[in-house]
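# Coordinates in review
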Amino acid sequence: MVIIGAGVAGLTLATFLQKSGVPCVVLERRHRAYIELRQRAGVVDARGVQMFERWGLADRLLAGPIAQTIDYRVNGRGRVFKIIADDGSAGRFCTQQMLISNLLREFIDAMSGNIRFNVTDAVIRNEENHRPQVTYSDASGSHELVCDYIVGCDGDRGISRSSIPPGTLTKYSHEFGYAWLAALVDAPVTGHPIMGVSDYGCVAQLPRGPHRSRYYLQCALSDGPEDWPDQRLWDEIRLRLCDKTIENATVHDKFFVPLRCVVYSPMQYGNLFLAGDAAHLVPPASAKGIDLALGDVDVLAEALLLAVRDDDLSALKNYSATCLPRIWNYQDFSVWMTDMMHDAGDPTQQGTFRQMTARARLDNLINSSTAARLHSEYHRGTN
């Protein structure tokens, strides 16, 4: 088994397989330190916690306080939304970066798993009536791996999906027409995670460890670093949160994320299977990218174990059909969440009518138990 990519999808799948006694090789184009230090968005939801508990890995991989609240601010007025958990379980505020670091330690250091870092020139051969092959190069030379299955967990721009013949997959996409500026700063979240709107636009502040947070601000698709010097960043944060007391802090990095939804169908071709961002993308406003990736590999790990141990290929053949209904459900949530948070902000974007209807939806999350319960299900990943 060859897994392309050592992100959350690839490392989780590799750890599940290794724990189950199924050998695999993970190929990663970056070095280990880069993967451990790179900041990624997203937290593990309640469904993901339950998955790791089922695989017997939750206590070793997950950490942090329970993620149960969001401060939905409108023009500076805070309203804390409390996520409802009818079954008593909850997500843990384990960020994607924390999870990846823990997975690397578990797979490599505890399980002696096989990851090949700094891989270049990787090529996938996945032809009918032939065993799959992956060739690649590293510092020691050129290599070829012959395997039974290949899993592409190498993101939207990786080699896995691009190795599938043109016309095989159908791409479904939706462009929102704007982007998010993401800035990692030395300013911890002092209360609840914030999703805020004001007449000046959308802004969010989410924890990234005990001393840092990442701010997200709606911006134009054409914006770049030259358009957002540090002073403008902090001025806009204060303006959109209606809080003049926020002080400037060190900004470690900035990047720009065009907001879009993408689904590729099917998520498999021959003996190659796609998972996570290689198969689908959601806008960061929904915070569901990590959870959809974990859902994919949960299904895929079980299917691969059936194929390897019992020579039962039925679950592998139905991998796409099993995953796609959940993916479309959370694409719907992602569009709803993204439109609501941005329409409720700057009225010059979509007009005052859309602004006020979006704010009515935000009010419902606080005032309607029915709306709150459904919103909680989506955040927990149980819908």
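All of the points below concern the structure found in this document. Since the structure is predicted, the reported quantities are computational estimates derived from the model, not experimental observations. (Residues numbered from 1 in each chain as written. Predicted model: local features only at pLDDT ≥ 70, side-chain atom pairs only at ≥ 80, totals over all residues. Heavy atoms only, no water.)

## Quick notes on the sheet that holds strand β15 (residues 268-269)
Ordered in space as β5-β2-β1-β9-β16-β15, the six strands form an open sheet in which the pairing is mixed. A strand with exactly one partner marks an edge of an open sheet, and here the two such strands are β5 (114-116) and β15. As paired strands, strand β2 (residues 25-27) and β5 are joined by three bridges and run parallel to one another. Of the residues in β5, the one forming a bridge with Val-26 is Ile-115. (Pairing = 2+ DSSP bridges. Helix = DSSP H or I, 4+ residues; strand = E, 2+ residues; numbered from the N terminus.)

## Thoughts on helix α5 (residues 96-110)
Its 15 residues place the ends of α5 20 Å apart at the C-alpha level, agreeing with the 21 Å of an ideal helix rising 1.5 Å per residue. With eleven of its 15 residues buried, α5 lies for the most part within the structure. Once α5 finishes, Ser-112 follows within two positions and takes phi at roughly 55°, a positive value. (Expected span 1.5 Å × (residues − 1). Buried < 20%, exposed > 50% of the residue type's maximum accessible area, 1.4 Å probe, protein only.)

## Some words on the nonpolar core
Counting 106 residues, the largest nonpolar core has Phe-52 and Leu-99 as the members making the most contacts within it. Discounting chain neighbours no more than four positions away, the residues touching Leu-99 are Val-8, Val-44, Phe-52, Leu-61, Leu-62, Cys-94, Ile-290 and Leu-294. Counting residues in hydrophobic clusters, the runner-up holds 17 residues, among them Leu-181, Trp-228, Leu-241 and Ile-246. (Core = buried A, V, L, I, M, F, W, Y, C linked by side-chain atoms within 4.5 Å. Contact = heavy atoms within 4.5 Å.)

## Remarks on helix α7 (residues 230-241)
Along an α-helix, residues three or four positions apart point the same way, because every turn accommodates 3.6 residues. Taking 1.5 Å of rise per residue, the twelve residues of α7 would be expected to cover 16 Å, and the 17 Å separating its terminal C-alpha atoms lies within 8% of that figure. Within α7 the residues assigned to the buried category are Leu-233, Trp-234, Glu-236, Ile-237, Arg-238, Arg-240 and Leu-241. Where α7 is buried, its residues touch β3 (69-74), β10 (170-185), β11 (194-198), β12 (201-207), β13 (213-219) and β14 (251-265). Looking at the residues trailing α7, positive phi occurs at Cys-242, about 55°.

## Thoughts on the layout of surface pockets
If you add up the space inside the second largest pocket, you get close to 270 Å³. If you go around the second largest pocket, you meet 18 residues; those closest to its centre are Pro-188, Thr-190, Gln-205, Tyr-215 and Ile-246. The set of elements that each furnish at least two residues to the lining of the second largest pocket consists of β3 and α7. Tallied by class, residues from the lining of the second largest pocket come to nine nonpolar, five polar and four charged. (1 Å grid on protein atoms, 1.4 Å probe; cavity = no way out; pocket = protein on both sides within 12 Å on 5 of 7 lines; lining within 4 Å. Points joined across faces, edges and corners; volume = space filled by probe spheres on them. Nonpolar A, V, L, I, M, F, W, Y, C, P; charged D, E, K, R; others polar.)

## What to know about the packing of aromatic side chains
Within this structure, the stated rule accounts for 13 aromatic pairs. Between Phe-16 and Trp-55 the ring centres are 4.1 Å apart and the planes differ by 5°, which places this aromatic pair in the stacked class. Highlighted residues: Phe-16 in helix α1 (residues 8-19) and Trp-55 in the loop between α3 (46-54) and α4 (58-61), separated in sequence by 39 residues. Grouping residues by exposure puts Phe-16 and Trp-55 together as buried. Ring centres 6.0 Å apart and planes at 80° place the aromatic pair Phe-273 and Tyr-319 in the edge-to-face group. Taken together, the positions of Phe-273 in strand β16 (residues 272-274) and Tyr-319 in helix α10 (residues 319-343) put the pair 46 residues apart, joining distant regions of the chain. Considered together, Phe-273 and Tyr-319 belong to a single accessibility category, that of buried residues. Put simply, the rings of Tyr-330, Phe-333, Trp-336 and Tyr-378 touch in pairs and so form one group of aromatic residues. The residue whose ring lies beneath Arg-30 is Tyr-34, and the NZ or CZ to ring-centre distance is 4.2 Å. (Phe/Tyr/Trp six-rings, centres within 6.5 Å; stacked < 30°, edge-to-face > 60°. Lys NZ or Arg CZ within 6 Å of the ring centre and 35° of its normal.)

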